[in-house]
Amino acid sequence: MNGGDDGGGAAAAPTGPPPPPLEWKFSQVFGERTAGEEVQEVDIISAIEFDKTGDHLATGDRGGRVVLFERTDTKDQHGGSRRDLERMDYPISRHPEFRYKTEFQSHEPEFDYLKSLEIEEKINKIRWCQTANGALFLLSTNDKTIKFWKVQEKKVKKISEMNVDPSKGNGGVASSSISSAARPYLANGGYPDKPYNCPQGGIPSLRLPVVTSHETSLVARCRRVYAHAHDYHINSISNNSDGETFISADDLRINLWNLEISNQSFNIVDVKPANMEDLTEVITSAEFHPSHCNMLAYSSSKGSIRLIDLRQSALCDSHSKLFEEQEAPGSRSFFTEIIASISDIKFGKDGRYILSRDYMTLKLWDINMDSGPVSTFQVHEYLRPKLCDLYENDSIFDKFECCLSGDGLRVATGSYSNIFRVFGCVAGSTEATTLEASKNPMRRQVQTPSRPSRSLSSITRVVRRGAESPGVDGNGNSFDFTTKLLHLAWHPTENSIACAAANSLYMYYA
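The structure contained in this document is the topic of the report that follows. Just so you know, these numbers come straight off a predicted model, no measurement behind them.

### Considerations on the overall build of the chain
A tally of regular secondary structure across the chain gives three helices and 30 strands. For the chain, with 510 residues in total, the buried portion stands at 48%. Counted over contacts in the chain with a minimum sequence separation of 6, partners at least 24 positions apart contribute 60%.

Written out as structure tokens, the structure reads:
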């Protein structure tokens, strides 16, 4: 089934009428810029990730820093945790709120002397691992090196009471009732000739120092470093559902690691040809299935997604399933292959659907149906006449991320002019919301078009009015290629989205 102009086809939702479109509201912003303030390159956010509970959020930036935020509204005035109240169907009206927790320097700039290459400190991806003993664990990677971090609260211990006798004034050492006459020196292991007799009732003035810990400080410690396993830039890392292993992918290879072993990895996918001149496609993104530890998917620069099963062989060069959309006859152009390249893939929460983002569209795939996507959503069709300009300024190579809601009813991705789009992917849904990363997200709201007839030909979208005007999007708003919203994440259990506009982190709820 194929979606309409902006609506979607079938998704992992129950049959029935589609839910009404969400009304998004501004929640918070961290690192907001003042008018005219210049953004430092190192402060630009390059990765965003919620943990599985949604209680923590991590961002990485081009300066190699990881910043953690924690949720503050999980307890309300009635006492008890938010989750306990939800189990009792207690109505909770507050939206998710986060506060700054801590930050640490994850990566530093390096230099590869063998290849004479500078290695940027920019964080490419962050993935949360399972928590243990109240500590948070996460993986972060730059182009070459993956690091495993443990963030834990440590109690700051201070001596609150010294062994000072107050009757002696400041600095007086606690006296004892024993004579303070000079005692003979005793060698190690020696003992005095005269036995020591403790006076009756003990020694009342002897005080031991008392150590107390009132304050806590967060300490981030690098537990392991997984290095020297990739010749090309790492574009993806993904945790396995077994909690023990993870994958890392570069342009030509995917490696499997054990979290506990940093000096050894197994190469499970290798698409490097014997002769590099025969290279026709590269790996662009890879992700483990959310519940089947033997399955993972990876996307390519040719617009295809391969599903592989680790049980088939040690080196999974042959795929179990191949998902790709057939080219419409006569539609090929110079840009066809460039805009077909998939920049990001995400599994739905139940693992039944895969969401992919190429330059122009979002596609939703059913892993049980490899004939084509079940839904295709046009993100910025008004840019199609401007592909030459986008190629000239390299914007056509921008890598936009995508995300799914926890209930599988909606998908989201970013675009230019700091806008992002939310689509309903239930059969019959016409939800197609355009939001701007600002304190007034609905400023650029699109009027949802009437849903066209759902036929195979409806994949060829209608270009909206306004596309002919230079620098104008489908709504008549001017667009700006220099401000792009590449990174965003959907809260795992609620309708809340975090997105990055340069160095600012915006959060919205519905």
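### Quick word on the sheet that holds strand S2 (residues 45-50)
Reading across the sheet, the four strands line up as S2-S3-S4-S5 and stay open at both edges, with antiparallel pairing between neighbours. Both edges of this open sheet fall to S2 and strand S5 (98-105), since each of them pairs with a single strand only. Strand-to-strand twist in this sheet, taken as the mean axis angle between neighbours without regard to direction, amounts to 20°.

### Re a nonpolar patch on the surface
Together, Phe-334, Tyr-391 and Phe-397 make up a nonpolar patch on the protein surface, roughly 320 Å² of accessible area in all. For Tyr-391, the location among the structural elements is in helix H3 (residues 387-392).

### What to know about the packing of aromatic side chains
Inspection of every chain in the model, using the stated rule, returns 23 aromatic pairs. Note on Phe-111 and Tyr-113: the rings are 5.1 Å apart at their centroids and 65° apart in plane angle, and the pair reads as edge-to-face. Given a relative accessible area of 37%, Phe-111 falls into the partly exposed group. The structure contains a cluster of three or more aromatic residues connected by ring pairs, namely Phe-26, Phe-420, Tyr-506 and Tyr-508.

### A look at the pattern of salt bridges
Within this structure, the stated rule accounts for 25 salt bridges. Among the salt bridges present, the one from Asp-270 reaches Arg-253, with a minimum N-O distance of 3.2 Å. Within this pair, whereas Asp-270 is found in strand S15 (residues 261-270), its partner Arg-253 is found in strand S14 (residues 253-258), the two being separated by 17 residues in sequence. When salt bridges with common partners are traced through the structure, they connect Lys-115, Asp-231, Arg-253 and Asp-270 into a single cluster.

### Thoughts on the sheet that holds strand S28 (residues 488-490)
Paired through their backbone hydrogen bonds, the strands of a sheet run either parallel or antiparallel. In space, the four strands of this open sheet follow the order S1-S30-S29-S28, with antiparallel pairing throughout. Each end of this open sheet is capped by a strand with a single partner; those strands are strand S1 (25-30) and S28. Across the sheet, the axes of successive neighbouring strands diverge by a mean angle of 20°, strand direction being ignored. Taken together, the six bridges between strand S29 (residues 496-501) and strand S30 (residues 504-509) define a ladder with antiparallel strand orientation. Residue Cys-499 lies in a different strand from S30, and its bridge partner there is Tyr-506.

### Here's the deal with the environment of Leu-383
If you trace the backbone, Leu-383 turns up in the loop between strand S23 (375-378) and H3. A residue is classified by how much of its surface remains accessible, and Leu-383, at 1% relative accessible area, is buried. C-alpha separation for the pair Leu-383 and Met-360, spaced 23 residues apart in sequence, amounts to 8.3 Å. With residues up to four places along the chain from it excluded, the contact list for Leu-383 reads Met-360, Leu-390, Tyr-416, Phe-479 and Phe-481.

### Some points on the side chain of Asn-240
Assignment of secondary structure puts Asn-240 in the loop between strand S12 (236-239) and strand S13 (245-249). The class of Asn-240 is buried, set by a relative accessible area of 7%. In contact with Asn-240, other than residues within four places in its own chain, are Thr-245, Phe-246, Phe-288 and Cys-293.

### Describing unusual backbone geometry
Glycine aside, residues mostly have negative phi, and peptide bonds are mostly found in the trans state. One non-glycine residue, Ser-116, lies in positive phi territory at about 55°. Here the phi dihedral of Ala-502 falls at roughly 55°; this positive angle occurs in a residue that is not glycine. Tracing the sequence through the fold places Ala-502 in the loop between S29 and S30. What makes Ala-502 partly exposed here is its relative accessible area of 24%.

About the thresholds
Residue positions are given per chain, counting from 1 as you read along its sequence in written order. Whole-chain, interface and lining totals are the exception, using all residues; otherwise, since this is a predicted model, local features are given only for residues with pLDDT of at least 70 and side-chain atom pairs are given and counted only at 80 or more. Here the side-chain values reflect all heavy atoms present in the structure, with hydrogen atoms and water set aside. Numbering of helices and strands runs from the N terminus, with a helix taken as a DSSP run of H or I at least four residues long and a strand as a DSSP run of E at least two residues long. Throughout, exposure labels follow a simple rule: accessible area from a 1.4 Å probe, protein chains only, divided by the maximum for the residue type, with under 20% read as buried, over 50% as exposed, and the rest as partly exposed. The contact rule is simple, with two residues in contact once any of their heavy atoms fall within 4.5 Å. Strands pair, by our definition, only if DSSP identifies at least two bridges between them. Between N-to-C directions, angles span 0 to 180 degrees; the directions come from axes that are lines fitted to C-alpha atoms, helices contributing only their stretch in contact. Residues enter patches when they are more than 30% accessible in relative terms and free of salt bridges; like-charged ones are connected within 9 Å and nonpolar ones (Val, Leu, Ile, Met, Phe, Trp, Tyr) within 5 Å. Accessible surface area values rest on a Shrake-Rupley calculation with a 1.4 Å probe, where residue burial reflects the displayed protein chains alone. Salt bridges are identified by distance alone: a Lys or Arg side-chain nitrogen within 4 Å of an Asp or Glu carboxyl oxygen. Aromatic rings from Phe, Tyr and Trp, with only the six-membered ring used for Trp, were paired whenever their centres fell within 6.5 Å, and each pair was classed as stacked if the ring planes differed by under 30 degrees, edge-to-face if by over 60, and tilted otherwise.

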